[in-house]
Amino acid sequence: MIQIDKSLIDTLRKSESIVFFTGAGISSESGIPTFRGKDGIWNKLKPEELANFNAFIRNPEMVWEWYNHRKKIIHEAQPNAAHLTIAETQNHFKNVTVVTQNIDNLHRRAGSNTVFELHGNIERNFCINCKKYYNEELDFSKGVPKCECGGLIRPDVVWFGEYLPEDQFLGGEKAAISSDVFFVVGTSAVVYPAAGLVYTAKQSGATIVEVNLEETPLSSIADYSYFGKAGEILHGVLEEYKLSLKY
Ligand code: BV8
Ligand code: ZN
């Protein structure tokens, strides 16, 4: 059982705004493979081959095959203890914001109400030509689905070299600036500008709490680092916090 620092509990008791900045690691306990870990999907495939616009134009079938494979895993997955604990913190703190790099929609399905999705959402799709959205089940019976204008339909996720959705990034940035405690959960913190939000939170005076299986480039600026499974650690933090309210 991971020992949670009493000073962190004391800080939480004085806090109003909590941010959970999450990456693929938070969904690994739901059975969704991470990108760069030992079971990482990118060990076999390279991001440049798949998560970028040119790869899609060159070989839309292959890119859609990858996303449909991930979509199937995501639809069979359930939010895990980490997602559920984050949703439960909404009952204990004035402002709880999730800023996620994940596209799997699990935070919302767990009950989190304020979620900024920096890299899009696998449930949404749009036409690369006229930008019309197609969010119902797509028909792949005649190959890659096309818009009525003839344009290819793509998943609404942010690929390498693409800008993050302005409203989502600004929402995440605002939350980072006004956060009292900024949890960094299950991310290797190598992808920018998303990972830059941790530095924004730090510079704005937030207490940084890292939750990961292993050290990351952020460990050096974290005020607390807990190494273990996100589900257990986050549950442990909330339980210790609730216990402290009894005295
Ligand atoms: C952009 C969506 C132009 C699609 C993804 C500086 C500034 C700006 C850009 C860059 C920059 N430097 C480099 C760049 C370019 C690039 C980039 O960051 N490259 C990196 C790789 C070097 N960034 C971009 O291209 C971005 N756009 O730059 O536009 C621009 C330029 C300037 C200013 C503005 C704009 C777009 C990046 C978005 C790419 N899209 N995915 C899809 O999902 O298919 S990235 C992909 O990586 C996912 O979104 C993923 O979330 C993200 C980060 O990965 P993680 O979530 O951290 O997952 P990972 O597997 O790496 O790590 C999992 C961690 O969990 C591990 O540490 C593991 O130990 C831990 N873990 C595992 N299990 C558990 C656990 N922890 C706890 N409990 C467990 N059970
Ligand atoms: Zn179109």
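Preceding this paragraph is the structure being described.
A brief look at the structure comes next. Keep in mind it's a predicted model, so treat the numbers as computed, not measured.

The parallel open sheet is built from six strands, whose spatial order is β3-β2-β1-β6-β7-β8. One side of each edge strand has no neighbouring strand; the edge strands of this open sheet are β3 (115-117) and β8 (224-227). Ignoring strand direction, the axes of neighbouring strands in this sheet form an average angle of 15°. Note: strand β1 (residues 17-22) against strand β6 (residues 181-185), five bridges, orientation parallel. When the sheet's bridge partners are listed, Phe21 is paired in β6 with Val184. Packing against the sheet, helix α1 (residues 6-13) makes contact with β1, β6, β7 (207-212) and β8, and its axis sits at approximately 120° to β8.

Our next topic: the coordination of the zinc ion (ligand 2). For the zinc ion (ligand 2), every protein donor is listed as Cys127 (SG), Cys130 (SG), Cys147 (SG) and Cys149 (SG), and the spread of their distances is 2.2 to 2.4 Å. Here the zinc ion (ligand 2) binds four donor atoms, and the angle range of 102 to 123° at the metal identifies the geometry as tetrahedral. Ordering the donors of the zinc ion (ligand 2) by residue number gives the pattern C-x2-C-x16-C-x1-C. Cys147 gets classed as buried once you look at its relative accessible area, which sits at 5%.

Another aspect to go through is the packing of helix α9 (residues 166-177) against helix α10 (residues 196-203). For the pair α9 and α10, interaxial distance at closest approach is 8 Å and the crossing angle is 30°. Regarding the angle of α9 to α10, the classification is roughly parallel. Pair α9 / α10 crosses with right-handed handedness. Of α10, the residues touching α9 (which contributes Phe169, Gly172, Glu173, Ala176 and Ile177) are Leu197, Thr200 and Ala201. When grouped by side-chain class, the residues that make up the contact of α9 with α10 number five nonpolar, two polar and one charged.

What counts as what
Residues numbered from 1 in each chain as written. Chains lettered and ligands numbered in written order. Predicted model: local features only at pLDDT ≥ 70, side-chain atom pairs only at ≥ 80, totals over all residues. Heavy atoms only, no water. Pairing = 2+ DSSP bridges. Helix = DSSP H or I, 4+ residues; strand = E, 2+ residues; numbered from the N terminus. Axes fitted to C-alpha atoms, helices over the stretch in contact; angles between N-to-C directions. Contact = heavy atoms within 4.5 Å. Donors = N, O, S within 2.8 Å, 3.2 Å for Na, K, Ca; no water. Tetrahedral: all angles 85-135°; square planar, octahedral: opposite > 155°, others 65-115°. Buried < 20%, exposed > 50% of the residue type's maximum accessible area, 1.4 Å probe, protein only. Parallel < 35°, antiparallel > 145°, perpendicular 65-115°, else oblique. Left-handed = near helix turned anticlockwise from the far one by under 90°. Nonpolar A, V, L, I, M, F, W, Y, C, P; charged D, E, K, R; others polar.

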